[in-house]
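Chain and residue survey
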Amino acid sequence: MQEKIIILDFGSQTTQLIARRVRELDTYCEIVPYNKFPKDDESVIGVILSGSPFSVYDETAFKTDMTEIWGKYPILGICYGAQFMSYMNGGKVEPAGTREYGRAHLDTFCKDNVLFKGVREKSQVWMSHGDTITAIPANFKTIASTDKVAIAAYQVEGAQIWGVQFHPEVFHTEDGTQILKNFVVDVCGCKQDWSPASFIESTVAELKEQIGDDKVVLGLSGGVDSSVAAVLLNRAIGANLTCIFVDHGMLRKNEYSNVLHDYACLGLNVIGVDASAQFFSELAGVSDPEGKRKIIGKGFIDVFDVEAHKIKDVKWLAQGTIYPDCIESLSITGTVIKSHHNVGGLPEKMNLKLCEPLRLLFKDEVRRVGRQLGMPEHLITRHPFPGPGLAVRILGDITPEKVHILQEADDIFIQGLRDWGLYDKVWQAGVILLPVQSVGVMGDERTYERAVALRAVTSTDAMTADWAHLPYEFLGKVSSDIINKVKGVNRVTYDISSKPPATIEWE
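The following refers to the structure shown. (Residues numbered from 1 in each chain as written. Predicted model: local features only at pLDDT ≥ 70, side-chain atom pairs only at ≥ 80, totals over all residues. Heavy atoms only, no water.)

1. With respect to the overall build of the protein chain
Test applied: The helix and strand labels rest on DSSP assignments: H or I over at least four residues marks a helix, E over at least two residues marks a strand, and numbering proceeds from the N terminus. What the globule rule says is 2.2 Å times the number of residues to the power 0.38, and the radius of gyration is computed from C-alpha atoms. For each residue, the accessible area found with a 1.4 Å probe, counting protein chains only, is set against the maximum for its type, and the residue is called buried under 20%, exposed over 50%, and partly exposed in between. Residue contacts are defined here by distance: any two heavy atoms, one from each residue, within 4.5 Å place the two residues in contact.
When you go through the protein chain residue by residue, the secondary structure sums to 13 helices and 19 strands. Against the compact-globule benchmark of 23 Å for 507 residues, the protein chain has a radius of gyration of 25 Å, which places it among compact chains. Principal-axis analysis of the C-alpha atoms gives the protein chain an extent of 75 × 60 × 40 Å. Across the 507 residues that make up the protein chain, the buried fraction comes to 58%. At a minimum sequence separation of 6, the contacts of the protein chain that also span at least 24 residues come to 73%.

Next up, the structure:
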């Protein structure tokens, strides 16, 4: 049985970072809603409570019954999680005089407390809260302070329960990984045996049990996620897997033929479907980003359904959904950030059951699994590409002419990154066709043509991203090539927005 840490999500922006840090300790963990603790799961060895945008005394604040957890598992509360445990046991939480945000230092801490083993003197921590714990219950003990936060950390006496007011999961907390390791390994007793190899072994076994002798149809997109999912499923069920690669007309230049060739080399059973005319027809006149995503998502399912009926006894639809897809598609508050074709466009009634073997992995973990599976490096390092393709990189309505222009501009940009040795230094890159035209001069003639924006970001998991600081000489060369070679474009811009507050894609 795979041991796991459960992270109760109270809506913090850094909940996913907690999960990443725990997994970097070769420990499996899962994020679940704050009120959905899996009480019957015998594999749980510890619990972490995340931060939250709420105050514990707000009427709308997320609160949960801790009776199934308290005293039964080791617990670590982070920021709101620490405030919540103290508040619910009679402690006092009050608004800070000013929002405590940014760097602080542990002026004093209990060096003999297991949570602070290996933590350095005056270790830097990261604060991000508007409230502070001003009094703790009688059976709680303060174990750390900063110059401004008297109760920076506490432990419940006689129990394996801790709370920290700072965020050990963020980069700026210098010994944050050590603190999490102390909790996960020393307190919870984790064996640190979760790895790509163990994931493959356990997932293949689970897939065999889940699917049995049923037949599966897998929707391939050409990206690393669906490719790894296909190879993983192929290892589990072999000939019972049929892959379908749909050309919705908005792939990158020559991508349809290139991807089919790659899949043939992997020994996968792949059916290529050119459904571009159908998608262009359904997208005609649609400008709303969510509308485009929904149409393409439904279109994928419709095509899969038609193709699946051509194969006898297919019962499962497999997809390459990964953790960020699920997280961004529906937040803890129920607010849709953006739908993904993998998860947001599914009809309520499906003829096939859904199989998503990678839905609990981050992108870099998917790549590690792909390497462990022996997949070629060029497939593993391929940049993420949105399921709806260039449809969400064309702001406004979709036409074949716009797609052609964007394909040509995008091809110049991506090939340029490869030629200059920059492709593997960038997490994701692409070109966006803007819904504006600008005045230009070519030769002696005035032009009034389209503008495009180059987008390139660095990231580790797509939850946060910074704009890539590409060389000016490179950007100048790409701009010149696009304007000179792509008919209909006379202006190139570069997007220098980070995520947050912007997203990686424009739609």
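Resuming the write-up.
2. Re the sheet that holds strand β13 (residues 270-274)
What holds strands together in a sheet is hydrogen bonding between their backbones, with the strands either parallel or antiparallel. Note the threshold: Should DSSP find at least two bridges between two strands, the strands are regarded as paired. Throughout, an axis means a line fitted to C-alpha atoms (over the contacting stretch in the case of helices), and angles, computed between N-to-C directions, take values from 0 to 180 degrees.
Pairing in this open sheet of 5 strands is parallel, and the strands run β13-β12-β11-β14-β15 from one edge to the other. Both outer strands of the open sheet, β13 and β15 (353-355), are each paired with one neighbouring strand and no more. Here the average twist between neighbouring strands, direction ignored, is 30°. With 5 bridges connecting them, strand β11 (residues 215-220) and strand β12 (residues 241-247) associate as parallel partners. For Leu 220, the partnering residue across the bridge sits in β12 and is Phe 245.

3. Description of the sheet that holds strand β6 (residues 108-109)
Taken together, the 8 strands give an open sheet; going across it, the order is β2-β1-β3-β4-β10-β9-β8-β6, and neighbouring strands pair in mixed fashion. Looking at which strands have only one partner, the edges of the open sheet turn out to be β2 (29-33) and β6. Across the sheet, helix α2 (residues 80-88) is in contact with β3 (44-49), β4 (75-78), β8 (140-145), β9 (153-156) and β10 (161-164); its angle to β4 comes to roughly 110°. Those strands touched by helix α3 (residues 176-187) are β1 (4-9), β3, β4 and β10, and its axis lies near 165° from that of β4.

4. Looking at helix α12 (residues 400-419)
Filter applied, for reference: A helix's residues, less one, multiplied by 1.5 Å, set its expected span.
Compared with an ideal rise of 1.5 Å per residue, which puts 20 residues at 28 Å, α12 spans 28 Å between its outermost C-alpha atoms and is within 8% of the ideal. Within α12, the full set of buried residues consists of Lys 402, Val 403, Ile 405, Leu 406, Gln 407, Ala 409, Asp 410, Ile 412, Phe 413, Ile 414, Gly 416 and Leu 417. Directly after α12, the chain includes Gly 421, whose backbone phi takes a positive value near 70°.

5. Looking at the environment of Ile 414
Tracing the chain through its elements places Ile 414 in helix α12. The sequence separation of Ile 414 and Ala 456 amounts to 42 residues, and the corresponding C-alpha distance is 10.0 Å. Once residues within four sequence positions are removed from consideration, Ile 414 is found in contact with Arg 252, Tyr 423 and Ala 429.

6. Overview of the side chain of Glu 356
As a reminder of what qualifies: Two N or O atoms form a polar contact when they lie within 3.5 Å of each other; inside protein one atom must be a possible hydrogen donor and the other a possible acceptor, and for residues adjacent in sequence the pair counts only when both atoms belong to side chains.
Among the secondary structure elements, Glu 356 is positioned in the loop between β15 and α10 (363-372). Reaching out from Glu 356, the side chain makes a polar contact with the side chain of Gln 319 at a distance of 3.4 Å.

7. Let's talk about helix α6 (residues 255-265)
Definition in use: Regarding the arc, it is the one traced by the directions from the helix axis to the C-beta atoms.
Three or more residues of α6 are buried, namely Glu 255, Val 259, Asp 262 and Tyr 263. Along α6, the residues classed as buried sweep out an arc of 95° about the axis, all on the same side. Residues of α6 that are exposed and point over 90 degrees away from its buried face: His 261, Ala 264 and Cys 265. Looking at the buried side of α6, the elements it contacts are β11, α5 (224-237), β12, β13 and α11 (377-380). In the segment just after α6, Gly 267 is the residue with positive phi, at about 75°.

8. A few points about the packing of aromatic side chains
How we decide: We call Phe, Tyr and Trp rings a pair once their centres come within 6.5 Å, taking the six-membered ring for Trp, and we label the pair stacked below 30 degrees between planes, edge-to-face above 60, and tilted otherwise. By the criterion adopted, a ring carries a charge over it if an Arg CZ or a Lys NZ lies within 6 Å of its centre and within 35 degrees of its normal.
The full count for this structure, using the stated rule, is 18 aromatic pairs. On the numbers, 5.7 Å between centres and 45° between planes, the contact of Phe 10 with Phe 84 is tilted. Linking Phe 10 in the loop between β1 and α1 (15-24) with Phe 84 in helix α2, this pair joins segments that are 74 residues apart in sequence. We note that Phe 10, like Phe 84, is buried. Plain terms: the ring middles of Phe 109 and Phe 116 are 5.4 Å apart, the flat faces sit at 50° to each other, and that makes the pair tilted. The class for Phe 109 is buried, based on a relative accessible area of 12%. On the accessibility criterion, Phe 116 (1% relative accessible area) is buried. The ring of Phe 362 has Arg 20 sitting right over it, with the charged end atom 5.3 Å from the ring centre. A cation over an aromatic ring shows up here: Arg 418 above the ring of Tyr 423, its NZ or CZ 3.9 Å from the ring centre.

9. Digging into the pairing of β11
Our working rule: Orient the strands so they point away from the viewer, and a crossover whose first-strand-to-second-strand path over the helix runs clockwise is right-handed.
The buried fraction of β11 amounts to 5 of the 6 residues, a majority that puts the element mostly inside the structure. Direction of pairing for β11 relative to strand β14 (residues 314-318): parallel, over a ladder of 4 bridges. By the bridge assignment for β14, Val 216 is matched with Trp 316. This β-α-β element, β11 to α5 to β12, shows right-handed connectivity.

10. Structural notes on the side chain of Ser 52
Its place among the elements puts Ser 52 in the loop between β3 and β4. Side-chain polar atoms of Ser 52 contact the backbone oxygen of Phe 10, separated by 2.9 Å. In terms of polar contacts, Ser 52 uses its side chain to reach the backbone amide nitrogen of Phe 54, at 3.2 Å. Apart from residues lying up to four places away in sequence, Ser 52 is in contact with Phe 10, Gly 11, Ser 12, Phe 62 and Tyr 80.

11. Description of the nonpolar core
Selection rule: Residues belong to a common nonpolar core when they are buried Ala, Val, Leu, Ile, Met, Phe, Trp, Tyr or Cys residues joined through side-chain atoms within 4.5 Å.
Core analysis: the biggest nonpolar cluster contains 51 residues, and Phe 413, Leu 417, Leu 454, Leu 470 and Ile 482 have the highest contact counts within it. Looking at which element gives the most residues to this core, the answer is α12, with 8 residues. Sequence-distant contacts of Leu 470, defined by excluding residues within four places in its chain, comprise Phe 413, Leu 417, Leu 422, Val 426, Ala 456, Leu 475 and Tyr 494. By size, the runner-up hydrophobic cluster in this structure holds 39 residues, among which are Leu 76, Phe 109, Ala 152 and Val 187.

12. Things to note about the pattern of salt bridges
Inclusion rule: Definition used for salt bridges: Asp or Glu carboxyl oxygen within 4 Å of a side-chain nitrogen of Lys or Arg.
Within the structure shown, the criterion is met by 26 salt bridges. Salt-bridge contacts for Asp 41 lead to Lys 4; the nearest nitrogen and oxygen are separated by 2.9 Å. Here Asp 41, found in the loop between β2 and β3, pairs with Lys 4, found in strand β1; they are 37 residues apart in sequence, far enough to count as distant. As far as burial versus exposure is concerned, Asp 41 and Lys 4 are alike and both buried.

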